[in-house]
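# Survey of secondary and tertiary structure
Below, each chain spelled out in residue letters.
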Amino acid sequence: MDHSTLVPAIRRLALEAGDRIMEIYNSPEFEVKSKSDSSPVTEADEAADAIIAAGLRAAFPDVVLITEEQAASHGLSASTFLIVDPLDGTKEFVQRRGDFTVNIAYVENGVPLRGVVYAPAKGRLFYTQEDGAAVEETGAFDKAERGPVTPLHVSTPDNNALMVVASKSHRDAATDDYIGKYGVKDMTSAGSSLKFCLVATGEADLYPRLGRTMEWDTAAGDAVLRGAGGHVVRFDDHAPLAYGKAGWDNPFFIAYAPGVELKK
């Protein structure tokens, strides 16, 4: 993969999808349907998916494409692929809470090497540059030309006073019990893949997820966090979270800044 072609392409497609999502988000009403697993899907999910999938297939026709909104892609198997969640945090979108993101990632041999996470309602754009280093861009988000960027680096955590981020829509007693094993200074809740980005920026030290996620939910945020010096590991054995798994579903996992003393 030529990363000098990939990075501008996924950045531009995320911004284009974000524009369409915000048009629908700011409209008086929009249709919400239920998938077979009872999770919500909106016209924004589908419109963003159409933009991103068309762009990726045109630019990278020989790379396997996995996308949440195209069930036929879920039957594919690959260790190197592009993977998309066109609107992560649909519940936040439906409730107009703003914590939703566009996610595009490139995975090579099971490792998410490059990714973009765009939160259009929050005006935050995170991605990996061509060399893999993670940045947050500010400015007007011109689609053809990058604006000013801030390099991202995880925090140096204090294990007696950790900053923890947890899911806004999927918090449960098991998660709270696990967080209780740590010395916590403060906790925040966030939706979608923004949680990875908060660890990447140093705004949080630890993000445990004891719940079902799919690879398209995590790959882009995982790439950004890795590019900022962070780690994402399985909850059970603390092995690196791998991608390209059968069925595309993840085990429970922990995203964190090195220096956090992980608990079993």
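In this text, all values refer to a predicted model and were calculated from it rather than measured experimentally. (Residues numbered from 1 in each chain as written. Predicted model: local features only at pLDDT ≥ 70, side-chain atom pairs only at ≥ 80, totals over all residues. Heavy atoms only, no water.)

### Focus on the packing of aromatic side chains
In this structure the tally under the stated criterion is 12 aromatic pairs. Pairing Y178 with F235 gives two aromatic rings, centres 4.9 Å apart and planes at 65 degrees, and the pair type is edge-to-face. Within this pair, whereas Y178 is found in helix 4 (residues 173–179), its partner F235 is found in the loop between strand 14 (231–234) and strand 15 (249–250), the two being separated by 57 residues in sequence. Take Y178: its relative accessible area is 3%, and that puts it in the buried class. Put simply, the rings of Y25, F30, F93 and F100 pair up and form one aromatic cluster. Taking the ring centre of Y25 as reference, the NZ or CZ of R96 above it sits at 5.9 Å. (Phe/Tyr/Trp six-rings, centres within 6.5 Å; stacked < 30°, edge-to-face > 60°. Helix = DSSP H or I, 4+ residues; strand = E, 2+ residues; numbered from the N terminus. Buried < 20%, exposed > 50% of the residue type's maximum accessible area, 1.4 Å probe, protein only. Lys NZ or Arg CZ within 6 Å of the ring centre and 35° of its normal.)

### Some thoughts on the side chain of K195
Within the fold, K195 resides in helix 5 (residues 194–201). Polar side-chain contacts of K195 include one of 2.8 Å to the backbone oxygen of S192. When residues no more than four places from it in sequence are discounted, the contact partners of K195 are V165, A166, S167, A190 and Y207. (Polar contact = N/O pair within 3.5 Å; in protein donor to acceptor, adjacent residues only side chain to side chain. Contact = heavy atoms within 4.5 Å.)

### Overview of unusual backbone geometry
Positive phi values are uncommon outside glycine, yet R96 reaches one of about 55 degrees. Within the secondary structure, R96 is located in the loop between helix 3 (90–94) and strand 5 (101–108). In this structure, F141 takes a positive phi of about 55 degrees despite not being glycine. Mapped onto the elements, F141 comes out in the loop between strand 8 (134–137) and strand 9 (149–151).

### Regarding the pairing of strand 5
For strand 5, the tally of buried residues reaches seven of eight residues, placing the bulk of the element in the interior. In the sheet, strand 4 (residues 81–88) pairs with strand 5 via six bridges, with the strands oriented antiparallel. Counted as the bridge partner of I83 is A105 from strand 5. Of the strand pairs in this sheet, strand 5 and strand 6 (residues 111–119) are connected by seven bridges, and their pairing is antiparallel. In the strand pairing of strand 6, A105 is matched with G115. Connecting strand 5 to the next strand, strand 6, in antiparallel fashion are two residues, including N109 with a positive phi near 50 degrees. (Pairing = 2+ DSSP bridges.)

### Some remarks on the UniProt feature "binding site: Mg(2+) 2" (unreviewed entry) in the chain
With numbering matched to this structure, UniProt assigns "binding site: Mg(2+) 2" (unreviewed entry) to D85, D88 and D217. A maximum C-alpha distance of 6.6 Å is found for the annotated residues, which run over 133 residues; spatially they form one tight group. Note on placement: D85 falls in strand 4. Among the residues examined, D85 registers a relative accessible area of 1% and is labelled buried. With sequence-adjacent residues up to four places away left out, D85 is seen in contact with E68, T101, V102, N103, W216 and D217. (UniProt positions renumbered as here; feature names shortened; annotations may be inferred.)

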